[in-house]
Amino acid sequence: MQKKQNHKISAINILAIDRVNPYQEKSDEEYMNNAQLLHFKRILEAWLNKIKNEIGRNFLYIQDEAMNFPDPIDRAVQEEEFSYELRTRDRAYRLIKKISNTLKKIEDNNFGFCESCGIEIGIRRLEARPTAVLCIDCKTLAEIREKQMAG
């Protein structure tokens, strides 16, 4: 049985695939101006389209590969592959929700600022992770707290 290869689609890949150049900030421009918002909207929409296409391919893979194998080991391998595909699809749906929420923030001109402290998240951080809602300092603190709670 052939194992299907999944490729994690990140925002950085979207920049490369859709030929979106990193944003070149001008020294006198305001943070999250219309040009920057449009830049991130383009990245997010391209990412959203790639994820939706990938979900469609995963669904077709499950449909095409569904067989009733007489050998229990082959059947178990197939079930494990399908389970993996379904988990991947579940993660993709959660990411679609995050991207949609981020696009709504762009529409509301509420994008690019830390939800915890209110400062600018930063262009480069947002290009690396367009759905980021925390600045790097607040994210670091949140991760430290999370580790402490996990024990």
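Residues numbered from 1 in each chain as written. Predicted model: local features only at pLDDT ≥ 70, side-chain atom pairs only at ≥ 80, totals over all residues. Heavy atoms only, no water.

The chain goes by RNA polymerase-binding transcription factor DksA in an unreviewed UniProt entry, where it is assigned to secondary endosymbiont of Heteropsylla cubana. We quote the UniProt Function (unreviewed entry) comment for the chain here in full: "Transcription factor that acts by binding directly to the RNA polymerase (RNAP). Required for negative regulation of rRNA expression and positive regulation of several amino acid biosynthesis promoters. Also required for regulation of fis expression." Of the chain, the UniProt comment under Sequence similarities (unreviewed entry) reads exactly: "Belongs to the DksA family." (UniProt positions renumbered as here; feature names shortened; annotations may be inferred.)

**Student:** Give me the lowdown on the state of the cysteines, citing residues and values where you can.
**Tutor:** Scanning the model with the defined rule gives 0 disulfides in all. For Cys 117, which is in no disulfide, the shortest distance to another cysteine sulfur is to Cys 114 and amounts to 3.7 Å. For Cys 135, which is in no disulfide, the shortest distance to another cysteine sulfur is to Cys 138 and amounts to 3.6 Å. Of the residues examined, Cys 135 reaches a relative accessible area of 3% and is grouped as buried. (Disulfide = S-S within 2.5 Å. Buried < 20%, exposed > 50% of the residue type's maximum accessible area, 1.4 Å probe, protein only.)

**Student:** Explain helix α5 (residues 136–150) to me, using residue names and the numbers behind them.
**Tutor:** Taking 1.5 Å of rise per residue, 15 residues should cover 21 Å, and α5 covers 21 Å from first to last C-alpha, within 8% of that figure. Looking one or two residues past α5, Gly 151 carries a phi angle of roughly 85°, positive in sign. (Helix = DSSP H or I, 4+ residues; strand = E, 2+ residues; numbered from the N terminus. Expected span 1.5 Å × (residues − 1).)

**Student:** Which residues make up the side chain of Thr 102, and what values do they have?
**Tutor:** Relative to the helices and strands, Thr 102 resides in helix α3 (residues 72–107). With a relative accessible area of 5%, Thr 102 lands in the buried category. Once you skip the residues sitting within four places of it in the chain, Thr 102 turns out to touch Leu 44, Phe 111, Pro 130 and Thr 131. (Contact = heavy atoms within 4.5 Å.)

**Student:** Give me the packing of aromatic side chains: which residues, what numbers.
**Tutor:** Taken as a whole and judged by the stated rule, the model has 2 aromatic pairs. For the ring pair Tyr 31 and Phe 113, a centre distance of 5.2 Å and an interplane angle of 85° mean the geometry is edge-to-face. Of this pair, Tyr 31 sits in the loop between α1 (11–17) and α2 (34–65) while Phe 113 sits in the loop between α3 and α4 (123–128), and the two are 82 residues apart along the sequence. A relative accessible area of 12% means that Tyr 31 is categorised as buried. (Phe/Tyr/Trp six-rings, centres within 6.5 Å; stacked < 30°, edge-to-face > 60°.)

**Student:** Help me get a handle on α3, residues and values and all.
**Tutor:** The first and last C-alpha atoms of α3 sit 52 Å apart over 36 residues, in line with the 52 Å expected at 1.5 Å per residue. One or two residues past the end of α3 sits Asn 109, with phi positive at roughly 55°.

**Student:** Tell me about the nonpolar core, residues and numbers included.
**Tutor:** Among the nonpolar cores identified, the biggest contains 26 residues, and Met 32, Phe 40, Ile 51, Ile 99, Ile 106, Phe 111 and Leu 126 are the most heavily contacted of them. Listed by contribution, the elements that provide at least two residues to this core are α2, α3 and α4. Considering every element that reaches this core, the biggest residue donor is α2, with 8 residues. Here this core spans two domains, since at least three of its residues come from each of domain 1 (31–111) and domain 2 (112–150). (Core = buried A, V, L, I, M, F, W, Y, C linked by side-chain atoms within 4.5 Å. Domains from an automatic or database assignment.)

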